[in-house]
Each structure stands twice: as C-alpha cells, then as structure tokens.
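Here is how the chains run, residue by residue.
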Amino acid sequence: MKTSDEDLARAAADGDADAFATLLQRHYDRVFRLAFRLTGRADQAEDLTQDICAALPAKIAGFRAQAKFTTWLYRVVVNAAEDARRRQASRSRAAAGWGDVEHMRRAEATETAQAMDWLQRAMRSLPLDLQDTLALTLEDEMTHAEAAAVLGVSEGTVSWRMSDIRKRLRALRQEELAP
C-alpha cells in the first residue's frame, strides 16, 4: 500500500530522510512544471526548483496537514516564484539606477527573440494573478477548488479569473490575426 503524501511529510518533518526522498521523487517534476509555468523559462524554472528543494527540509516542518500536501507544496512554489519576481525587479531597478538600461534592453530583446510558443507569450501578457491561476489549472493540473486553496482566494474567484483569461486570450489571438 502506498504511503500518503501527508504521512510522508509528517515523517520527513520528524527527520526521516527516506520519507523526504520519496516526496521529492513523487513531486519534483510537478514542482518543475509549475515553476516553468510561473517563470516561462526553463533555466529559471530549474533554478527555482533547486532552490525550493534545498529549502524544503526546513520548510516541511511548517506543513500542518490542514490541506493536501500538494496544495501546501504548490503554495511554496508560488511563494518562491513571487519572491524571485521581487528580487528580479529589485535587481532591474538597481541596474537601471547604474545606467545599465542598454544592457537590460539587449537582454530583454534576446529573451523576446527566444520566446516560446504563442500560449506562453500570451500567458506572460496576463496580470500576475491571472498567470498564477492559469499556471495552476493548465492541463487540468489542479481543480478550481485546489487552485483557490493554493492562491488563498475563493473557488468562484478562480472560475472568474479563468473566464477572464479565456476572454483575454481570444482577444489577443484576434488582434494577431487581424490584417
């Protein structure tokens, strides 16, 4: 019989290295996929995933089993992505303050040239709350209720956001197709 994630998390919090390794094995790919959706770049997603895995032994003590382990883990990933965004914004402001505007412009142009498929670009055009919502629910990764628990909003808010996302993506697609 397969041990539940919640039981493994409690054991890992008590110092069981095998339980922790099992949790990582089960969820590493899932953490990476969400990190990729939130960052839009494989290299950033890899860095973020590694940072999360390195911090997880200390963070797992905070798991209280009030929600599913995956819900808690997704919240950890979303928080880490938000922290990374804030750090990047701070670095960008600092670089601009030192006159590195041209360097940043070239870096942005390179990133734009290497942009992924249409959906990835379209997703990046959405406000952050919509990006986070879409990343969690994309490909039926999470239900609206599960995404709501991770984001700390109501299920109705997630449903509204998904409706707004569909409307925005349709409009963006129509703009691109217009002659």
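Parameters at a glance
Residues numbered from 1 in each chain as written. Predicted model: local features only at pLDDT ≥ 70, side-chain atom pairs only at ≥ 80, totals over all residues. Heavy atoms only, no water. Helix = DSSP H or I, 4+ residues; strand = E, 2+ residues; numbered from the N terminus. Buried < 20%, exposed > 50% of the residue type's maximum accessible area, 1.4 Å probe, protein only. Areas by Shrake-Rupley, 256 points an atom, 1.4 Å probe, with all protein chains shown as cover. Salt bridge = Lys/Arg side-chain N within 4 Å of Asp/Glu carboxyl O. Polar contact = N/O pair within 3.5 Å; in protein donor to acceptor, adjacent residues only side chain to side chain. Contact = heavy atoms within 4.5 Å. Axes fitted to C-alpha atoms, helices over the stretch in contact; angles between N-to-C directions. Parallel < 35°, antiparallel > 145°, perpendicular 65-115°, else oblique. Left-handed = near helix turned anticlockwise from the far one by under 90°. Nonpolar A, V, L, I, M, F, W, Y, C, P; charged D, E, K, R; others polar.

A. Geometry of the overall build of the chain. A count of helices and strands for the chain gives nine helices and zero strands. Listed N to C, the secondary structure of the chain is α-α-α-α-α-α-α-α-α in terms of helices and strands. The 179 residues of the chain split such that 34% are buried. Summed over its atoms, the accessible surface of the chain is roughly 10,700 Å², and 52% of this surface lies on carbon and sulfur atoms.

B. Highlighting the pattern of salt bridges. Enumeration over the complete set of coordinates arrives at 14 salt bridges. Between R75 and E82 there is a salt bridge; the shortest N-O distance is 3.7 Å. Accessibility expressed as a relative area gives 22% for R75, which makes it partly exposed. Overlapping salt bridges, with partners in common, bring together R30, R33, R37 and E141 in one network.

C. Quick look at the side chain of D132. Looking at where D132 falls in the secondary structure, it is placed in helix 7 (residues 128-137). By relative accessible area, which is 5% here, D132 ends up buried. Here the side chain of D132 touches R85 through a polar contact of 3.0 Å, side chain to side chain. Among all residues touching D132, those that are not within four sequence positions of it are L38, V78, E82, R85 and L151.

D. Spatial organisation of the environment of A19. Here A19 shows up in helix 2 (residues 17-39). Beyond its immediate stretch of four places on either side in the chain, A19 contacts L8, A11 and A12.

E. Main features of the packing of helix 2 against helix 7. Interhelical geometry of helix 2 versus helix 7 gives an angle of 150° and a closest axis separation of 9 Å. Here helix 2 is positioned roughly antiparallel relative to helix 7, judged by the angle of their axes. Seen from above, helix 2 lies across helix 7 with right-handed handedness. Listed contacts from helix 7 to L34, R37 and L38 of helix 2 are Q131, D132, A135 and L136. Class assignment of the residues belonging to the contact of helix 2 with helix 7 gives a composition of four nonpolar, one polar and two charged.

These figures capture arrangement, not role.
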